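Residue-level structure breakdown
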Amino acid sequence: IRDAASMNPDQLYGLVDHSFGDETPDNVVCLTFRSQEASFLVGYVAGLTTETNQVGFVGGMSNVVIDQFEYGYRAGVAYAAKELGKDIKVSVQYAESFSDAAKGKAIATKMYSDGCDIIFHAAGNVGTGVIEAAKDANKYVIGVDRDQYDLAPNNILTSAMKRVNEAVFLVTEKTMNGENLGGQQLEYGLTENSVGIPSENPNMDPAVYEAAMNVQQEIIDGTIEVPYNAETLEAFM
């Protein structure tokens with residue numbers, strides 16, 4: 001994108017899920033997401049739903065983007081645990097891959113056998129293996145990026161969705177209305193309806209969904225400031 005932008009200075013480019021930061025070219029707008037906000041919601045749902053008081057997170061590779069998912073999730077679980085007045089353990093493991101579905105299945109199978117009854121994955125195709133492990137163990141799994149309910153209708157508790165379509169629409173609309181967005185990084189989250197959980201969650205207790213929607217509003221209002229890395233999680237805790 002950077003090379004194309006330099007060769008076509010009169011063309012505006014939109015780059016999704018990546019930022020050049022202070023080095024963003026004048027004809028590029030970078031769209032990033034506060035994925036930690038959706039992850040907090042699914043962590044909260046997991047915390048209210050778990051019967052073993054033990055849940056898991058499977059990541060692809062640790063980086064700035066995946067940290068948002070892990071630490072947002074852990075914070076959401078902790079928020080639910082405090083609300084319920086109990087301790088809930090979060091097991092975390094990385095596959096060091098975004099493509100090895102077999103490794104994802106192996107990691108998740110071990111987590112389930114060790115007592116986790118809900119696992120959230122943010123791991124690309126590794127997550128396909130996590131979902132397969134949930135089906136085999138007849139446990140819950142939380143999808144990512146889109147509503148993954150169709151992959152395991154009996155096992156998907158909910159999904160942490162990244163609504164790229166909403167963000168692209170907003171940027172396109174602003175551009176059509178004459179706003180000059182070049183050289184900027186725009187970050188979208190719950191406030192802009194660009195992350196969240198599905199409105200239909202057949203495996204979720206309706207009372208849990210209602211509670212999650214109340215928490216969602218607290219995030220939008222700024223009452224809850226969602227952590228996105230180890231440092232902000234420590235401050236949150």
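See the structure shown above.
Now for a look at the structure at hand. Each chain carries its own residue numbering, running from 1 in the direction its sequence is written. Local features in a predicted model are, by the rule used here, given only for residues with pLDDT of at least 70; side-chain atom pairs are given and counted only at 80 or more, and totals for whole chains, interfaces and linings are based on all residues. Just so you know, side-chain values use all the structure's heavy atoms and leave hydrogens and water out.

**Topic: the pattern of salt bridges**
Applicable threshold: What counts as a salt bridge is simple: a side-chain nitrogen of Lys or Arg found within 4 Å of a carboxyl oxygen of Asp or Glu. The classification of residues rests on relative accessible area computed with a 1.4 Å probe and restricted to protein chains. Under 20% of the type maximum is buried, over 50% is exposed, and intermediate values are partly exposed.
Tallied over the full model, the rule gives eight salt bridges. Close ionic contact of Glu37 with Arg34 constitutes a salt bridge, the shortest N to O distance being 2.7 Å. Across the pair, exposure class does not vary: Glu37 and Arg34 are buried alike. For Asp150, the salt bridge identified is with Arg146, shortest N-O distance 2.9 Å. Overlapping salt bridges bring together Arg34, Glu37 and Glu192 as one network.

**Some thoughts on the nonpolar core**
Our working rule: The set of buried Ala, Val, Leu, Ile, Met, Phe, Trp, Tyr and Cys residues whose side-chain atoms join them within 4.5 Å is what this entry labels a nonpolar core. Segments assigned H or I by DSSP are reported as helices when at least four residues long, segments assigned E as strands when at least two residues long, and all are numbered from the N terminus. Throughout, a residue-residue contact means that at least one pair of heavy atoms, one from each residue, lies within 4.5 Å.
Counting residues in each nonpolar core, the largest one holds 46 residues, and the members touching the most others are Phe57, Tyr73, Phe120, Ile142 and Ile219. At eight residues, the largest contribution of residues to this core is made by helix H3 (residues 64-84). Beyond its immediate chain neighbours, meaning those up to four positions away, Phe57 contacts Ile66, Phe69, Glu70, Tyr73, Ser91, Val92, Gln93, Tyr94, Met111, Ile119, Phe120 and Ala122.

**What about the pairing of strand S2 (residues 28-33)?**
The cut-off we apply is this: Pairing between two strands is assigned when DSSP locates at least 2 bridges connecting them.
Summarising burial for S2: six of the six residues are buried, a large majority. Along S2, one buried face is formed by Val28, Cys30 and Thr32 and the opposite face, lined by Val29, Leu31 and Phe33, is buried too. Sheet topology note: the strand S1 (residues 13-16)/S2 ladder contains four bridges and is parallel. Across the sheet, Gly14 pairs through a bridge with Val29, a residue of S2. Note: S2 against strand S8 (residues 185-188), four bridges, orientation parallel. By the bridge assignment, Cys30 is partnered in S8 with Gln185.

**Quick notes on the sheet that holds S8**
So the rule is basically this: Structural elements are reduced to axes, namely lines fitted to C-alpha atoms, with helices fitted over the stretch in contact, and the angle between N-to-C directions of any two is expressed from 0 to 180 degrees.
Reading across the sheet, the three strands line up as S1-S2-S8 and stay open at both edges, with parallel pairing between neighbours. What marks the edges here is a single partner per strand, and that holds for S1 and S8. Looking at each pair of strands side by side, their axes are set apart by 25° on average, direction ignored. Across the sheet, helix H6 (residues 164-176) is in contact with S1, S2 and S8; its angle to S2 comes to roughly 150°.

**So, the packing of aromatic side chains**
Test applied: When the centres of two rings from Phe, Tyr and Trp lie within 6.5 Å, Trp using its six-membered ring, the rings pair. Their planes under 30 degrees apart give stacked, over 60 give edge-to-face, and anything left gives tilted.
Counted according to the given criterion, the structure contains eight aromatic pairs. Between Phe40 and Tyr79, the ring centres sit 5.6 Å apart and the planes meet at 55°, which makes this aromatic pair tilted. You can see Phe40 sitting in helix H2 (residues 35-49) and its partner Tyr79 sitting in helix H3, a full 39 residues away along the chain. Classification of Tyr79 as partly exposed rests on a relative accessible area of 24%. An angle of 35° between the planes, with centres 6.2 Å apart, marks the rings of Phe57 and Tyr73 as tilted. Remark: Tyr73 occurs in helix H3 and Phe57 occurs in strand S3 (residues 54-59); sequence separation between them is 16 residues.

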